[in-house]
Amino acid sequence: MTASGDLLIDAFGRIREEVHEAVDGLSPDELAVRLDDGANSIAWLIWHLTRIQDDHIADAAGTQEVWIAQEWSERFELPFSRRSTGYGHSAKDVASLGGISGELLVEYHDAVHERTAKFLGTLKDADLGRVVDDAWTPAVTLGVRLVSVISDDLQHVGQAAFIRGWLERP
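Computed from a predicted model, the values in this text were never measured in an experiment.

What counts, and at which threshold
- Each chain carries its own residue numbering, running from 1 in the written order of its sequence.
- It should be noted that, the model being predicted, local features are given only for residues of pLDDT at least 70 and side-chain atom pairs only at 80 or more, the latter also being counted only at that level, while totals for whole chains, interfaces and linings use all residues.
- In computing side-chain values, all of the structure's heavy atoms are included and hydrogens and water are not.
- Only DSSP runs of H or I with at least four residues qualify as helices, and only runs of E with at least two residues qualify as strands; both kinds are numbered from the N terminus onward.
- Contact between two residues is taken to exist if any of their heavy atoms lie within 4.5 Å; hydrogens are not considered.
- Expected helix span is computed as 1.5 Å times (number of residues minus one).
- Only the six-membered ring of Trp is used, alongside the rings of Phe and Tyr, when aromatic pairs are assigned; centres must lie within 6.5 Å, and planes under 30 degrees apart are stacked while those over 60 apart are edge-to-face, with the rest tilted.
- Exposure categories follow from relative accessible area, calculated using a 1.4 Å probe and restricted to protein chains: below 20% of the type maximum is buried, above 50% is exposed, and the middle band is partly exposed.
- The criterion is that NZ of a Lys, or CZ of an Arg, lies within 6 Å of the ring centre and within 35 degrees of the ring normal, and then a charge sits over that ring.
- What is meant by a nonpolar core is a set of buried Ala, Val, Leu, Ile, Met, Phe, Trp, Tyr and Cys residues, joined one to another through side-chain atoms within 4.5 Å.
- In the sections that follow, a salt bridge refers to a side-chain nitrogen of Lys or Arg positioned within 4 Å of a carboxyl oxygen of Asp or Glu.
- Here, axes are lines fitted to C-alpha atoms. For helices the fit covers the stretch in contact, and angles between N-to-C directions go from 0 to 180 degrees.
- Working rule for angles: under 35 degrees goes down as roughly parallel, over 145 as roughly antiparallel, 65 to 115 as roughly perpendicular, anything else as oblique.
- It is the rotation of the near helix from the far one that decides the hand of a crossing: anticlockwise by less than a right angle makes it left-handed, clockwise makes it right-handed.

K.L.:
Which parts of the structure should I look at to understand the environment of Ala111?
P.N.:
Its place among the elements puts Ala111 in helix H7 (residues 102-120). C-alpha separation for the pair Ala111 and Trp67, spaced 44 residues apart in sequence, amounts to 9.1 Å. The residues touching Ala111, leaving out its near neighbours within four places in the chain, are Val66, Gln70 and Trp72.

So, in structure tokens, the structure goes:
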């Protein structure tokens, strides 16, 4: 294990901790609360950040997404393509995560986190410079992709924590 691998595992572990804190003890109705008709819910935010992590890590690792390989898409029973990550979702799509339990959300996130940590544990520092997406200029390296996922996930879990704080205020 390299120092950079340890650092990345720690960062993704912090996301996992925040996901658990954002969801813990909330009912499906609370997880579905939206601050206005166009806003995202905690359930959607946690599902989306986990789907992005799953999709991007699977691509980088050359593996199938946990969502598909472990049949999470069937467990969630959502009304859109199982390849969907939430990008470009409408207000109606966001609402479709109403009724999803916190347990289901964190179980899926934990499964993705486990696969992420396993992948990160195999990396050497030189791997971080490998190009994983040449559709951009400059091309996206594995290191840049991992930092991008961490950034996106932290932003979304922060939004979920904000909604939770709003729900819990007196």
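Having seen the structure, we can now continue with the description.
K.L.:
Looking at this structure, I do not really get helix H1 (residues 3-23). What am I missing?
P.N.:
Counting along an α-helix, one turn takes 3.6 residues, and residues three or four places apart therefore face a common direction. The end-to-end C-alpha distance of H1 is 31 Å, a good match for the 30 Å that 21 residues give at a rise of 1.5 Å each. Taken together, the buried residues of H1 touch helix H2 (28-31), helix H3 (42-61), H7 and helix H8 (142-168). Once H1 ends, the next one or two residues include Gly25, with phi positive near 80°.

K.L.:
Looking at this structure, I do not really get the packing of aromatic side chains. What am I missing?
P.N.:
How two aromatic rings sit relative to each other is set out by the distance from centre to centre and by the angle between their planes. Throughout the structure, instances matching the rule amount to six aromatic pairs. Aromatic side chains Phe76 and Tyr108 sit 5.8 Å apart centroid to centroid with 70° between the ring planes, which places their arrangement in the edge-to-face category. Placement of the pair is Phe76 in helix H5 (residues 72-76) and Tyr108 in helix H7, with a sequence separation of 32 residues. Residue Phe76 shares its accessibility class with Tyr108, and that shared class is buried. The structure contains a cluster of three or more aromatic residues connected by ring pairs, namely Trp47, Trp67, Trp72, Phe76, Phe80 and Tyr108. Above the plane of the ring of Trp72 lies Arg75, whose end atom (NZ or CZ) is 3.9 Å from the centre.

K.L.:
Help me understand the nonpolar core in this model?
P.N.:
Soluble globular proteins tend to bury their nonpolar side chains together. Within the largest apolar cluster, 46 residues are counted, with the highest numbers of intra-cluster contacts made by Ile46, Trp47 and Phe76. Of all the elements in the fold, those that place two or more residues in this core are H1, H3, helix H4 (66-69), H5, H7 and H8. For this core, the leading source of residues is H3, giving nine residues. Among residues more than four places away in sequence, those in contact with Trp47 are Trp67, Phe76, Leu78, Phe80, Ser84, Thr85, Gly86, His89, Leu97 and Leu105.

K.L.:
Quick question: what am I supposed to make of the pattern of salt bridges here?
P.N.:
Pairing of side chains with opposite charge becomes possible as their charged atoms draw close. Applying the stated criterion across every chain, the model contains nine salt bridges. Each of Arg51, Asp54, Glu65, Arg83 and Arg115 takes part in one network of salt bridges that share partners.

K.L.:
I would appreciate a short explanation of the packing of H3 against H7 in the present structure.
P.N.:
Two quantities define a packed helix pair, namely the angle between the helix axes and the distance between the axes. In contact at an axis separation of 10 Å, H3 and H7 are set at 25° when each is read in the N-to-C sense. What the angle tells us is that H3 and H7 run roughly parallel. Note that H3 runs across H7; the crossing there is left-handed. Contacts from Ala43, Ile46, Trp47, Leu49, Thr50, Arg51, Gln53, Asp54, Ile57, Ala58, Ala60 and Ala61 of H3 reach H7 at Leu105, Tyr108, His109, Val112, His113, Arg115, Thr116 and Phe119.

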